[in-house]
Each structure stands twice: as C-alpha cells, then as structure tokens.
Amino acid sequence: MSKASKEIHPAFEVHNSPVHGNGVFARRPIEAGERIVEYQGRRIEWDEATERAERSGQPVNYTLFFTLADGRVIDGGDQGNDARFINHSCEPNCEAYEEDGRVFIHALRDIDKGEELAYNYALIYDGRHTAAIKKAFECRCGAPSCSGVMLAPKKRSRKKTADA
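Report follows, based on the coordinates.

Each value, and the rule that gives it
- Residues numbered from 1 in each chain as written.
- Predicted model: local features only at pLDDT ≥ 70, side-chain atom pairs only at ≥ 80, totals over all residues.
- Heavy atoms only, no water.
- Pairing = 2+ DSSP bridges.
- Helix = DSSP H or I, 4+ residues; strand = E, 2+ residues; numbered from the N terminus.
- Buried < 20%, exposed > 50% of the residue type's maximum accessible area, 1.4 Å probe, protein only.
- Contact = heavy atoms within 4.5 Å.
- Polar contact = N/O pair within 3.5 Å; in protein donor to acceptor, adjacent residues only side chain to side chain.
- Axes fitted to C-alpha atoms, helices over the stretch in contact; angles between N-to-C directions.

1. A word on the pairing of strand β1 (residues 12-16)
Consideration 1: Here five bridges tie β1 to strand β2 (residues 22-26), and the two strands are oriented antiparallel to one another. Directly across from N16, in β2, lies its bridge partner N22.
Consideration 2: Two successive antiparallel strands, β1 and β2, enclose a turn made up of five residues, where G21 displays a positive phi of approximately 50 degrees.

Structure, rendered in structure tokens:
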C-alpha cells in the first residue's frame, strides 16, 4: 500500500475489546515494521504521576503512564490520543519505541485487518509481587503463553558465594 493510500485509510479504529475495555483494531492490513501511532499525553514528572495515581485510586504504575528514558512520564489519560487504548498482550503484534523523547508504536509483524493491536506493557513494579499486586495488574490477553500479569519479571539478584 502506498504512503498516500495509508494516509487516506487510517491504520486503526477504537472500539470495545474482548481483552479489556476499549481496544485498538486494524482498519487495514498493517505491514511489519510500520509506524502506527505516537503515544501522546501530558509529560509529567514521576512524583506527579504518583500523586495522580493515588488521587484516582489507581496503582502507581497505572497503565496509561508511559515512562520515558529521561525519567519523566507520558500520562495518556491527560491530553492523550487513541494509542492509550492499545491493550497489553503476552504475545504482542506491536512494540513501543522511544525516539528523541517520543514514543511510537510499531508493528512487530504483519497485522490483518480487524486484528486487535497489542504490545507487552512489561510494567516495572519495584515492590514485592504479592497476590494483591498481581491481581491489580492481571493480564486478560488469553494468549497461550500468557504470564497472568502485565508486570515485567523481577530481576533476580545473584547470590554471592564464598568461591566468587
């Protein structure tokens, strides 16, 4: 599909998702590697993101927050666009890339018309991954390899031995 044709035929639309709430679905075939959309929203400091999450009763790593390399956060719920409706999947067809402080969603593989777009949130939660935390970040993607949570696995620390 030509670039002009892609601009005439938007890549996606938002509607009810079987995974969770609203979702983003391909309106046309999307090629592997194609840049689909920029994740937009107000850029805030982590302290403000934490305060916003507490005020709204959301977990600290609320799924509309996108952490940037410089430590700031994009709050997709504040001046965000439809990218905030892209759901999590343990077997994603998209991936998020940060480029010059901006976040873009790209297709990992060819995506068929009508297919729901998803990327792996891999949320970082520094505290213990208790049953309550896992419930708060429960994954509903239904993929065969589903981990059950939207959290990135905790990094295991190596134990030092006397021989090391």
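Back to the text.
2. Details of the environment of R109
Consideration 1: Checked against the element boundaries, R109 lands in the loop between β9 (102-107) and β10 (118-119).
Consideration 2: Owing to a relative accessible area of 36%, R109 belongs among the partly exposed residues under this scheme.
Consideration 3: Sequence separation of R109 and A32 is 77 residues, and the distance between their C-alpha atoms is 4.0 Å.
Consideration 4: The contacts of R109, once residues within four sequence positions are left out, are I30, E31, A32, N93 and E115.
Consideration 5: Of note is the side chain of R109, whose polar atom sits 2.4 Å from the side chain of E115.

3. Focus: the sheet that holds strand β3 (residues 35-39)
Consideration 1: Spatial strand order, β3-β9-β8: three strands in an open sheet with antiparallel pairing. A strand with exactly one partner marks an edge of an open sheet, and here the two such strands are β3 and β8 (94-99). The sheet shows a mean angle of 30 degrees between the axes of neighbouring strands, direction not considered.
Consideration 2: In terms of strand pairing, β8 meets β9 through six bridges, oriented antiparallel. Residue pairing across strands places E99 opposite R102, the latter belonging to β9.

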